[in-house]
Amino acid sequence: MKIAVSVPDELYERADELAARLGVSRSHVYAQALEAFLQEHGEDPVTAKLDELAAQQGGPVDAAAGRRLIDAGHWEW
């Protein structure tokens, strides 16, 4: 999938130099960096628990909608 993102010039240049040094595309560098970032931060524990509860109830697993409500302040604990 193609996306457009803005990054500081220095970061862009460093990523471009790394891609050239490794002999891979710039897109590969960005994809690998994003994958590492996502792995580092893991799954959101609230969403994971909501998914688990929804699965136990046999309902649709759409805990992301619940997470959006929480994040938007429409749900109080």
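Each value, and the rule that gives it
Residues numbered from 1 in each chain as written. Predicted model: local features only at pLDDT ≥ 70, side-chain atom pairs only at ≥ 80, totals over all residues. Heavy atoms only, no water. Salt bridge = Lys/Arg side-chain N within 4 Å of Asp/Glu carboxyl O. Helix = DSSP H or I, 4+ residues; strand = E, 2+ residues; numbered from the N terminus. Buried < 20%, exposed > 50% of the residue type's maximum accessible area, 1.4 Å probe, protein only. Patch = residues over 30% accessible without salt bridge, like charges linked within 9 Å, V, L, I, M, F, W, Y side chains within 5 Å. Areas by Shrake-Rupley, 256 points an atom, 1.4 Å probe, with all protein chains shown as cover. Lys, Arg positive; Asp, Glu negative; His and termini not counted. Charge placed at Lys NZ, Arg CZ, Asp CG, Glu CD.

## Comments concerning the pattern of salt bridges
Where side chains of opposite charge bring their charged atoms close, a pairing between them can arise. The tally for this structure, following the rule as stated, stands at one salt bridge. In this structure, Asp 16 and Arg 26 form a salt bridge, with 2.9 Å as the shortest nitrogen-oxygen distance. Of this pair, Asp 16 sits in helix 1 (residues 9-22) while Arg 26 sits in helix 2 (residues 26-41), placing them 10 residues apart in sequence. Here Asp 16 falls in the partly exposed class, since its relative accessible area comes to 30%.

## Considerations on a negative patch on the surface
A grouping of Asp 9, Glu 10, Glu 13 and Glu 17 is seen on the molecular surface, where their side chains present a negatively charged patch. Inspection of the secondary structure puts Glu 10 in helix 1. Take Glu 10: its relative accessible area is 55%, and that puts it in the exposed class.

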